[in-house]
Amino acid sequence: MTETSTGPMSFFSSYVVLSPLILLIFSASIVDSKVFNVLDYGAKADGETDSGIAFKNAWDAACQHSDRQNVVFVPRGKFTFRWASLAGPCIARSMVFKLEGELKAVPGYFGRVDWLSFRYIDGLIITGGGTLDGQGESTWHHNDCRTNSRCGPFPTNLRLDMVTNSVVRDITSLNSKNVHINIFGSSYVNVTNIRIRAPADSPNTDGIHLGAVKRIRIVDSTIATGDDCISFSPGSNVVGIHRVVCGPGHGISIGSLGRGSEGETVSRIRVKDSTFVNTDNGLRVKTWPDSKDGRVDTLVFTNIGMKNVSNPIIIDQEYCPTSCNLQVPSRVQVKNVIFRNIYGTSSTRIAVNLKCSKTNPCDNVQLHDINLSYNKQDYKAVMQCLNVRGQTSGRVNPRSCI
């Protein structure tokens, strides 16, 4: 299997092409659009007044105003609210949420899954250089659901649900109480130049979480957080990640799969030209043992640098953070996975760990030009394989066990 213009990898040559509507949105001038300033609808830039209703009123007015591009404008200053749910469908041809100020969540407040959310919108731009501050440090001590009966739900800084032909660019997400950016049921969404920051010990603060999506592009962004930098749940299909710097965090994770419905899938994911620094994992696929049927198919990881990463390459089909039956193998099939030009240092001796299912062995796992060293100079890195079929080419360090 090769990355050519035909065959199972051919989608990679075309998936990055923007839809015609996104191109139209990019070409439209915000200067020529009608602007709805949240201050005109009662919002206060004092960092204290709950401006959620004002945001919604400004959004509703713009959403239902004529068939053109309309802008909801948040000027400089600090705006606070418990939540703001901004929904379509809209009469406007496209909607711009231009955030120049700083949005601050109410400290200690939880009980919802959303804080700032956008739903049922075709043609959305979120931009402006502003900041979403979830003030998650006020609730993180509640976040471990295994030990705390008061756990959750906790709000995501930014949710996009059933959003199409849209762009998120040039914003910062700080200290979310839960996931920073959650994209669900959406397609043709481009995420560009996003900065995500939270401490390494902040629980459940995934940078970007994807589920039931297709044709998503994440580029030129930095993610430093306490959980997965980017995570994929079932239904994620045709996703490209380019030039992303990850760390600290848990790396990029496909899954976990197998605990939900029968037939869960994640397919056609590409990560390239990216860097992992001081992360718990690098490139990870994880499925539950004793699972339902599922499939992880066609993953390509290319030109990835690792610096002091605990598990640079890992397929774990015995993922079990809570109770499960390790004696029953996973029924999720992992196949057609390419690792090409993966280099750098591992902070553990097992730099490549391919631990696959006994009943559904990993099929067609390819390692090309791998150079991963254990950062303790007196020891060599090793590769561990279990129930995996595939091939290698070029230099492969540590020595291949496929």
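Residues numbered from 1 in each chain as written. Predicted model: local features only at pLDDT ≥ 70, side-chain atom pairs only at ≥ 80, totals over all residues. Heavy atoms only, no water.

Asks: How should the overall build of the chain be read in this particular structure?
Replies: The helix and strand tally for the chain stands at two helices and 29 strands. In terms of C-alpha radius of gyration, the chain reaches 22 Å, essentially the compact-globule figure of 21 Å for 402 residues. Principal-axis analysis of the C-alpha atoms places the extent of the chain at approximately 65 × 50 × 40 Å. Looking at the 402 residues of the chain, the share that counts as buried comes to 53%. Taking all contacts inside the chain whose residues are at least 6 apart in sequence as the whole, residues at least 24 apart take part in 78%. Element-wise, carbon and sulfur atoms account for 48% of the exposed surface of the chain, whose accessible area totals about 15900 Å². (Helix = DSSP H or I, 4+ residues; strand = E, 2+ residues; numbered from the N terminus. Rg over C-alpha atoms; globule rule 2.2 N^0.38 Å. Buried < 20%, exposed > 50% of the residue type's maximum accessible area, 1.4 Å probe, protein only. Contact = heavy atoms within 4.5 Å. Areas by Shrake-Rupley, 256 points an atom, 1.4 Å probe, with all protein chains shown as cover.)

Asks: Teacher, can you tell me more about the layout of surface pockets here?
Replies: Empty space among the atoms can be located by rolling a probe the size of a water molecule over them. Reported here for the largest pocket is a volume of approximately 860 Å³. Contributing to the lining of the largest pocket are 27 residues, with Asn204, Asp206, Asp227, Lys286 and Tyr319 lying nearest its centre. Counting only elements with at least two residues in the lining of the largest pocket, the list comes to strand S20 (252–257) and strand S22 (281–287). Considering only enclosed or pocket space, the second largest pocket measures out at about 160 Å³ in volume. In this structure, the second largest pocket is lined by Leu372, Ser373, Tyr374, Tyr379, Lys380, Ala381, Val382, Asn397 and Arg399. Considering each element in turn, the lining of the second largest pocket owes the most residues, three residues, to strand S27 (residues 362–374). (1 Å grid on protein atoms, 1.4 Å probe; cavity = no way out; pocket = protein on both sides within 12 Å on 5 of 7 lines; lining within 4 Å. Points joined across faces, edges and corners; volume = space filled by probe spheres on them.)

Asks: I would appreciate a short explanation of a nonpolar patch on the surface in the present structure.
Replies: Residues Tyr120, Met162 and Phe184 make up a contiguous nonpolar surface patch of about 290 Å² in total accessible area. Inspection of the secondary structure assignment puts tyrosine 120 in strand S8 (residues 114–122). (Patch = residues over 30% accessible without salt bridge, like charges linked within 9 Å, V, L, I, M, F, W, Y side chains within 5 Å. Salt bridge = Lys/Arg side-chain N within 4 Å of Asp/Glu carboxyl O.)

Asks: Please clarify how the state of the cysteines should be interpreted in this entry.
Replies: Two cysteines joined by a covalent bond between their sulfur atoms form a disulfide. What the rule picks out here adds up to five disulfides. In this model, cysteine 385 is linked to cysteine 401 through a disulfide, with the two sulfur atoms separated by 1.9 Å. Its S-S torsion of approximately 80 degrees makes the covalent link between cysteine 385 and cysteine 401 right-handed. You can see cysteine 385 sitting in strand S28 (residues 382–386) and its partner cysteine 401 sitting in the segment after strand S29 (388–397), a full 16 residues away along the chain. Classification of cysteine 401 as partly exposed rests on a relative accessible area of 35%. (Disulfide = S-S within 2.5 Å.)

Asks: When you look at the pattern of salt bridges in this model, what are you seeing that I'm missing?
Replies: Oppositely charged side chains can pair when the atoms bearing their charge come close. Scanning all chains against the criterion turns up 16 salt bridges. The shortest N-O distance in the salt bridge between aspartate 228 and arginine 284 comes to 3.2 Å. In this pair, aspartate 228 is assigned in the loop between strand S17 (214–224) and strand S18 (230–232) and arginine 284 in strand S22, connecting sequence segments 56 residues apart. There is no split in this pair, since aspartate 228 and arginine 284 are both buried. One connected set of salt bridges, linked through shared partners, spans Arg112, Asp114, Arg119, Arg159 and Asp161.

Asks: Where do I start with the side chain of aspartate 297 in this structure?
Replies: By the secondary structure assignment, aspartate 297 is in strand S23 (residues 294–309). Polar contacts involving the side chain of aspartate 297 include one to the side chain of asparagine 336, which spans 2.9 Å. (Polar contact = N/O pair within 3.5 Å; in protein donor to acceptor, adjacent residues only side chain to side chain.)

Asks: Would you explain the UniProt feature "active site" (unreviewed entry) in the chain in this entry?
Replies: UniProt records the feature "active site" (unreviewed entry) for His250 in the present numbering. Filtering out sequence-adjacent residues up to four positions away, histidine 250 remains in contact with Gly226, Asp227, Asp228, Cys229, Asp280, Asn281 and Arg284. Within the local environment of histidine 250, its side chain forms a polar contact with the side chain of aspartate 280, the two groups lying 3.3 Å apart. (UniProt positions renumbered as here; feature names shortened; annotations may be inferred.)

Asks: For this particular structure, what's the right way to read unusual backbone geometry?
Replies: Excluding glycine, most residues fall at negative phi; most peptide bonds, likewise, are trans. Cis geometry marks the peptide bond from glycine 88 to proline 89; its omega dihedral reads 5 degrees. Here glycine 247 and proline 248 are connected by a cis peptide whose omega angle stands at 0 degrees. Note that proline 248 resides in the loop between strand S19 (236–246) and S20. Residues other than glycine seldom take positive phi values, yet aspartate 369 does so here, at roughly 55 degrees. With respect to the helices, strands and loops of the structure, aspartate 369 is situated in strand S27. Residue classification places aspartate 369 among the partly exposed residues on the basis of a relative accessible area of 38%.

Asks: What should I look at first to understand the packing of aromatic side chains in this one?
Replies: Aromatic ring pairs are defined here through the distance separating the ring centres and the angle between the ring planes. In total, this model carries 11 aromatic pairs according to the counting rule given. Where tryptophan 59 meets phenylalanine 118, the ring centres are 5.5 Å apart and the plane angle is 70 degrees; that geometry is what we call edge-to-face. Here phenylalanine 118 lies in strand S8 and tryptophan 59 lies in helix H2 (residues 52–63), a separation of 59 residues in the sequence. Of the residues examined, phenylalanine 118 reaches a relative accessible area of 0% and is grouped as buried. A cation over a ring is seen here: arginine 112 above tryptophan 83, with NZ or CZ 4.0 Å from the ring centre. (Phe/Tyr/Trp six-rings, centres within 6.5 Å; stacked < 30°, edge-to-face > 60°. Lys NZ or Arg CZ within 6 Å of the ring centre and 35° of its normal.)

Asks: Looking at this model, I keep getting lost on the confidence of the model for the chain. Mind explaining?
Replies: Chain-level statistics for the chain give a pLDDT mean of 92 and a share of 91% at 70 or above. Note that residues 1–17 has pLDDT below 50 and, in this model, 37 contacts with residues that lie over four places away or in other chains. (pLDDT = per-residue confidence, 0-100.)

Asks: What am I meant to see in the pairing of S23 here?
Replies: Residues in a regular strand project their side chains so that they alternate between the two faces of the sheet. Counting buried residues in S23 gives 12 out of 16 residues, a clear majority hidden from the surface. As judged from the 12 bridges shared by strand S21 (residues 264–277) and S23, these two strands associate in the parallel manner. Residue pairing across strands places threonine 265 opposite arginine 295, the latter belonging to S23. Here S23 pairs with strand S25 (residues 332–346) via 12 bridges, running parallel. Bridging from a neighbouring strand, phenylalanine 301 pairs with phenylalanine 339 of S25. (Pairing = 2+ DSSP bridges.)

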